[in-house]
Amino acid sequence: MEGLSPISPPLLSSHKRTVAFTTPLNYAGRLSHLIQLKGWNPLWCPTIVVQPSRPTKASIQFFLSTKEDDERTTPLEDFSAIAFTSRAGILAFWETLMETEKTPLQAHAENFTFTVSALGKDAELLSEDFLSKLCKKPDRIRVTVPGVATPTGLVESLGLGGGRRVLCPVPLVVDLVEPPVIPGFLSDLALRDWVPVKVHAYETRWAGPRCAERLVSVKRRHRRSEEEEEEEEEEEEGLDLDLDLDLDAIVFTSTGEVEGLLKSLRELGLDWRMLKERCPGLLVAAHGPVTASGAESLGVTVDLVSSRFHSFEGVVDALALTWNRNTTS
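Before going into details, it helps to say that this report is about the structure given with it. Quick caveat, the model's predicted, so the values are computed rather than measured.

What counts and what doesn't
- Residues numbered from 1 in each chain as written.
- Predicted model: local features only at pLDDT ≥ 70, side-chain atom pairs only at ≥ 80, totals over all residues.
- Heavy atoms only, no water.
- Axes fitted to C-alpha atoms, helices over the stretch in contact; angles between N-to-C directions.
- Helix = DSSP H or I, 4+ residues; strand = E, 2+ residues; numbered from the N terminus.
- Parallel < 35°, antiparallel > 145°, perpendicular 65-115°, else oblique.
- Left-handed = near helix turned anticlockwise from the far one by under 90°.
- Contact = heavy atoms within 4.5 Å.
- Nonpolar A, V, L, I, M, F, W, Y, C, P; charged D, E, K, R; others polar.
- Buried < 20%, exposed > 50% of the residue type's maximum accessible area, 1.4 Å probe, protein only.
- Pairing = 2+ DSSP bridges.
- Polar contact = N/O pair within 3.5 Å; in protein donor to acceptor, adjacent residues only side chain to side chain.
- Core = buried A, V, L, I, M, F, W, Y, C linked by side-chain atoms within 4.5 Å.
- 1 Å grid on protein atoms, 1.4 Å probe; cavity = no way out; pocket = protein on both sides within 12 Å on 5 of 7 lines; lining within 4 Å.
- Points joined across faces, edges and corners; volume = space filled by probe spheres on them.
- Phe/Tyr/Trp six-rings, centres within 6.5 Å; stacked < 30°, edge-to-face > 60°.
- Lys NZ or Arg CZ within 6 Å of the ring centre and 35° of its normal.

Below, the discussion takes up the packing of helix α2 (residues 54–64) against helix α3 (residues 87–97). For the pair α2 and α3, interaxial distance at closest approach is 9 Å and the crossing angle is 60 degrees. Comparing their axes, α3 and α2 come out oblique. The element α2 and its partner α3 pack so that their crossing is right-handed. On α3, the residues touching Lys-57, Ile-60, Gln-61 and Leu-64 of α2 are Ala-92, Phe-93, Glu-95, Thr-96 and Leu-97. For the contact of α2 with α3, the per-class residue count stands at five nonpolar, two polar and two charged.

Next up on the list: the pairing of strand β7 (residues 165–174). With seven of its ten residues buried, β7 lies for the most part within the structure. Relative to β7, strand β4 (residues 81–83) is paired through two bridges, and the arrangement is parallel. For Ile-82, the partnering residue across the bridge sits in β7 and is Leu-167. Pairing geometry for β7 and strand β8 (residues 195–206), over ten bridges, is parallel.

Take the packing of helix α5 (residues 151–158) against helix α6 (residues 181–191) next. Contact geometry for α5 and α6: axes closest at 9 Å, N-to-C directions at 20 degrees. In terms of orientation, α5 lies roughly parallel with respect to α6. Regarding α5 and α6, the two cross each other, and that crossing is right-handed. The segment α5 lies against α6, with Pro-151, Thr-152, Leu-154, Val-155 and Leu-158 engaging Val-181, Phe-185, Asp-188 and Leu-189.

Quick look at the environment of Thr-100 now. Following the sequence through the fold, Thr-100 ends up in the loop between α3 and β5 (114–117). Once the C-alpha coordinates of Thr-100 and Leu-134 are considered, the two residues, 34 residues apart in sequence, prove to be 9.8 Å apart. In this structure, Thr-100 is in contact with Gln-61, Leu-64 and Lys-133, ignoring residues within four places of it in sequence. Within the local environment of Thr-100, its side chain forms a polar contact with the backbone oxygen of Lys-102, the two atoms lying 3.5 Å apart.

So, about the environment of Ser-117. Its location among the elements puts Ser-117 in strand β5. Separated by 40 residues in the primary sequence, Ser-117 and Ser-157 place their C-alpha atoms 7.8 Å from one another. Excluding its chain neighbours within four sequence positions, the residues that come into contact with Ser-117 are Ile-82, Ala-83, Phe-84, Thr-144, Pro-146, Leu-154, Ser-157 and Leu-158. One polar contact links Ser-117 to Thr-144, side chain to side chain, over a distance of 2.8 Å.

In terms of nonpolar packing, the biggest core is built from 28 residues, with Leu-76, Phe-84, Phe-93, Phe-130, Leu-134 and Leu-167 touching the most fellow members. Looking at this core, the elements that each hand over two or more residues are α2, α3, β5, α4 (128–134) and β8. Sorting elements by how many residues they give to this core places α3 first, with five residues. Residues contacting Leu-167, with those up to four places away along its chain left out, are Phe-63, Leu-76, Phe-79, Ala-81, Ile-82, Ala-83, Phe-93, Val-197 and Val-199. Grouped together as the second largest cluster of nonpolar side chains are 25 residues, Ile-250, Leu-275, Val-284 and Ala-292 included.

Next up on the list: the layout of surface pockets. Taken as a whole, the largest pocket encloses approximately 950 Å³ of empty space. Considering the residues around the largest pocket, the lining is formed by 43 residues, among which Thr-85, Ser-86, Thr-253, Ser-254 and Thr-291 are closest to the centre. Sorting elements by how many residues they give to the lining of the largest pocket places helix α11 (residues 289–297) first, with six residues. When the residues that make up the lining of the largest pocket are grouped by side-chain class, the tally is 21 nonpolar, 18 polar and four charged.

This part is about the sheet that holds strand β3 (residues 48–51). Taken together, six strands build an open sheet; the order of strands is β3-β8-β7-β4-β5-β6 and the sheet is mixed. At either margin of the open sheet sits one strand with a lone partner, and together these are β3 and β6 (141–144). Strand-to-strand twist across the sheet, computed as the mean angle between neighbouring axes with direction ignored, equals 25 degrees. As paired elements, β3 and β8 share four bridges and run antiparallel to each other. Bridge pairing in β8 places Ile-48 opposite Trp-206. Against the sheet, helix α9 (residues 255–267) contacts β3 and β8, and its axis sits at roughly 30 degrees relative to β8.

All right, on to the packing of aromatic side chains then. Tallying each qualifying case throughout the model produces nine aromatic pairs. When the centroid spacing of 4.9 Å and the interplanar angle of 90 degrees are considered together, the rings of Trp-40 and Trp-323 count as edge-to-face. Of the two residues, Trp-40 is situated in the loop between α1 (25–37) and β2 (41–44) and Trp-323 in helix α12 (residues 313–328); the sequence distance between them amounts to 283 residues. With a centroid separation of 6.2 Å and an interplanar angle of 35 degrees, the aromatic rings of Phe-93 and Phe-130 are classed as tilted. Here the residue Phe-93 occupies a position in helix α3, and Phe-130 occupies one in helix α4, the gap between them amounting to 37 residues. Of the two residues examined, Phe-93 and Phe-130, each falls in the buried class. Three or more aromatic residues link up through ring pairs in this structure, and these residues are Phe-84, Phe-93, Trp-94 and Phe-130. The ring of Trp-323 is capped by Arg-17, whose NZ or CZ atom sits 4.4 Å from the centre of that ring. The ring centre of Trp-206 lies 4.1 Å from the NZ or CZ of Lys-263, which sits over that ring.

So this is what it looks like as structure tokens:
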């Protein structure tokens, strides 16, 4: 997104709200832009890193390369569907797909229809280029996008499996606890008579012990006396954990982000309760019920949940609606 860098520090002012968000880089630009459109200050504090690795690329490549005993077909031909649960999964698959010389799906096959399913705005990545690289005859491919952008909705959009195989590009979780959403998704597919095959398409890693440092080092800019301003100038070196934070809201888009933040806070000598005490008016917003449930399971109370979680507009609009109500009430 031209002219937009979520890495740049926010320009805090006395008349703007500040909204922190913990998304990885691949989502940060979109969410930062939406926050800025509302006239708020975005504060990007990534707590997880999402990216392909050499092993994950090799895992995808296996399904796209021709078989050793049959150079005309690929292992992907043994499947009837691909179910993408994330944008990162689609991008990782596409990156590896672009490196293949031949399309992995034949133009004509006994199992004619091949289904590709994705959630919400992620489905926009399933372009004509993507589908034509997947199969020389894109008409063979059926794209499904569930009305409700959840893994459960994804399962329902696929219908009954009838014993067919579905490839599921999911993350390899490193230094974090794998959230129950992925095992639950695979289990739900099996209950619908699919044979789910998990492939680690990318890695989701903790961003490290100091990833919350930027969040806790933001100093209060409002209602300060001259004496407090002088004290702040003297304390510029290092991280000052005793100052109040000037944060109005924090947005979580996955359970991993919440866990990553809590781990970093512990490394910095803090915990969630202490952070909330420093920011008593802080609103916690979750991008959908899956993230909200995960946050609550980790002890983080969620104040508002986006009901339109097919895109980030939903959670940003929910924050605006909440603040507008508080202003007029």
